[in-house]
Amino acid sequence: MAEPALSPDNRPFAIRQYSPAQLREALKRMYLIRRFEEGAEDSYTRGLIHGTMHLSIGQEGSAMATCMELTDADKITSTHRGHGHCIAKGADVGRMFAEFFGKETGYCHGRGGSMHIADIKTGNLGANGIVGGGLPIAVGAALSAKRLGKSDVTVCFFGDGANNEGAFHEALNIASVWKLPVIFVCENNGYGMSTSTARSTAVKFISERAAAYSMPGVTVDGNDFSAVSEALHHAIVRARAGEGPSLVENLTYRWRGHSKSDRNRYRTKSEIEEWMAKDPIARFRAELIAHGVLDDAAADAVAAEAVADVQKGIEFAKSGPSPQLSEVTRYVYAEA
């Protein structure tokens, strides 16, 4: 008598791949990214933060799912819209707020602010105010890992606006020539400042450009946690095996303007509302509940933990010391 055929596991990739504890932590960090940026926005309005900032509210799924399988030994390079990347890679929100507030207890001792947070201990090589600035840095980090015989990978976050920079093409080309363990992750939120990708880029999907550099390229729903984590899983396995780079394009959307000075006149209210209905946190939470990983009460508890962590982080930042004027150049230049 023939054995009955086993039914295929049709659960989403993330549910199959990760433990309940890992999935709970992922949801917690996604809430943490959202609440951190809302807290930063409120602090800016209250005059506690100066300058400007670029919020990634609405893009939390892309950041967290991309970093899901990365270790502290693995590296990331980030962008001017990098708060979510930092938190997804393990940054402490208290030290992040301290950096925003210009305090000595911040990641860069208050010298960098929103766009220049780095945390070498968790493999975060830093956010970057230059469009496409992280691309060549990521290639350098991947080259270092390969030359040292390590299995570390580097993930390079960049926005759709950077795909028309020369650094994008140079980085992908040399990474492919040398088969470097780097994954290029384009967070395509549809706009480079106020210019839509459709008006600025010749190809429909940025991932199509991977073919010119002989590497795999894939476009996924950036608000679908499982879709992003699956694409990154395959790219990471490929990179660790010495097979070279990949290009992953996450289609997502920022709910806020480009920066705090953006009057948002280039987008319609209906377009923004359509994307808000695709909230990556709500979708991931619903997926976890549907598959029995969490129930509503447990998910609410996770959300509450994120709120509490942000509140503690703001208080930590407020109480921290400001840099001394006499030490204004300290940490800016390397000491001999």
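Higher on the page you've got the structure.
Below, the structure is looked at part by part. (Residues numbered from 1 in each chain as written. Predicted model: local features only at pLDDT ≥ 70, side-chain atom pairs only at ≥ 80, totals over all residues. Heavy atoms only, no water.)

Focus: the overall build of the protein chain
Right, so step 1: Of the regular secondary structure elements, the protein chain holds twelve helices and seven strands.
Right, so step 2: Its C-alpha atoms give the protein chain a radius of gyration of 20 Å, near enough to 20 Å, the size a compact globule of 336 residues would have.
Right, so step 3: Looking at the protein chain residue by residue over its 336 residues, the buried ones come to 50%.
Right, so step 4: Within the protein chain, contacts between residues separated by at least 24 positions form 73% of all contacts whose residues are at least 6 apart in sequence.
Right, so step 5: Distance between charge centres in the protein chain, computed from 37 positive and 40 negative side chains, equals 4 Å. (Helix = DSSP H or I, 4+ residues; strand = E, 2+ residues; numbered from the N terminus. Rg over C-alpha atoms; globule rule 2.2 N^0.38 Å. Buried < 20%, exposed > 50% of the residue type's maximum accessible area, 1.4 Å probe, protein only. Contact = heavy atoms within 4.5 Å. Lys, Arg positive; Asp, Glu negative; His and termini not counted. Charge placed at Lys NZ, Arg CZ, Asp CG, Glu CD.)

Some points on unusual backbone geometry
Right, so step 1: Unlike most non-glycine residues, Ser214 shows phi in positive territory, near 55°.
Right, so step 2: In this structure, Ser214 sits in the loop between helix 8 (197-200) and strand 6 (217-221).
Right, so step 3: Located in the positive-phi region is Asn264, a residue other than glycine, with phi close to 60°.
Right, so step 4: Secondary-structure assignment places Asn264 in the loop between strand 7 (246-251) and helix 10 (269-276).

Structural notes on the sheet that holds strand 6
Right, so step 1: Spatially, five strands are ordered 1-2-3-7-6 in an open sheet, and the strand pairing comes out parallel. If you trace the sheet from one side to the other, it starts and ends with strand 1 (75-77) and strand 6, each paired once. Geometrically, the sheet is characterised by an average inter-axis angle of 20° between neighbouring strands, direction not taken into account.
Right, so step 2: As defined by bridge partners, strand 2 (residues 154-159) adjoins strand 3 (residues 182-188) across six bridges and the pair is classed as parallel. (Pairing = 2+ DSSP bridges. Axes fitted to C-alpha atoms, helices over the stretch in contact; angles between N-to-C directions.)

Considerations on the side chain of Arg267
Right, so step 1: Within the secondary structure layout, Arg267 lies in the loop between strand 7 and helix 10.
Right, so step 2: Summary of buried charges: Arg267 has no salt-bridge partner, and the nearest side chain of opposite charge, Glu271, is 5.0 Å away.
Right, so step 3: There is a polar contact of 2.7 Å between the side chain of Arg267 and the backbone oxygen of Arg254.
Right, so step 4: There is a polar contact of 3.0 Å between the side chain of Arg267 and the side chain of Asn264.
Right, so step 5: Apart from residues no more than four positions distant in its own chain, Arg267 is found in contact with Tyr191, Tyr253, Arg254, Trp255, Arg256, Gly257 and Ile272. (Salt bridge = Lys/Arg side-chain N within 4 Å of Asp/Glu carboxyl O. Polar contact = N/O pair within 3.5 Å; in protein donor to acceptor, adjacent residues only side chain to side chain.)

With respect to the packing of aromatic side chains
Right, so step 1: Summed over all chains, the structure comprises nine aromatic pairs.
Right, so step 2: Seen from their ring centres, Tyr191 and Tyr266 are 5.3 Å apart, and the 55° between their planes marks the pair as tilted. Highlighted residues: Tyr191 in strand 4 (residues 191-192) and Tyr266 in the loop between strand 7 and helix 10, separated in sequence by 75 residues.
Right, so step 3: Judged by relative accessible area, which is 12%, Tyr191 ranks as buried.
Right, so step 4: Between Phe225 and Phe284, the aromatic rings sit 4.1 Å apart at their centres with planes inclined by 20°, giving stacked as the arrangement. Linking Phe225 in helix 9 (residues 225-240) with Phe284 in helix 11 (residues 280-290), this pair joins segments that are 59 residues apart in sequence. With respect to burial, Phe225 and Phe284 carry one shared label: buried.
Right, so step 5: Put simply, the rings of Phe36, Phe97, Phe100 and Phe101 pair up and form one aromatic cluster.
Right, so step 6: Over the face of the ring belonging to Trp255 we find Arg34, whose NZ or CZ atom lies 4.5 Å from the ring centre.
Right, so step 7: Residue placement shows Lys278 over the ring face of Trp275; its charged tip is 4.3 Å from the ring centre. (Phe/Tyr/Trp six-rings, centres within 6.5 Å; stacked < 30°, edge-to-face > 60°. Lys NZ or Arg CZ within 6 Å of the ring centre and 35° of its normal.)

Re the nonpolar core
Right, so step 1: Formed by 67 residues in total, the largest nonpolar core has its most connected members in Leu27, Ile183 and Phe225.
Right, so step 2: Other than its neighbours up to four places away in sequence, Phe225 contacts Ala14, Ala26, Met30, Gly61, Met64, Ala65, Met68 and Phe284. (Core = buried A, V, L, I, M, F, W, Y, C linked by side-chain atoms within 4.5 Å.)

Examining empty space enclosed by the protein
Right, so step 1: Overall, the coordinates contain one cavity of 30 Å³ or more when judged by the stated rule.
Right, so step 2: As a volume, the largest cavity reaches approximately 30 Å³.
Right, so step 3: Lining the largest cavity are Ile33, Ser56, Gln59, Glu60, Ala63, Arg81, Gly84, His85 and Glu187.
Right, so step 4: Of the residues contributing to the lining of the largest cavity, the split by class is two nonpolar, four polar and three charged. (1 Å grid on protein atoms, 1.4 Å probe; cavity = no way out; pocket = protein on both sides within 12 Å on 5 of 7 lines; lining within 4 Å. Points joined across faces, edges and corners; volume = space filled by probe spheres on them. Nonpolar A, V, L, I, M, F, W, Y, C, P; charged D, E, K, R; others polar.)

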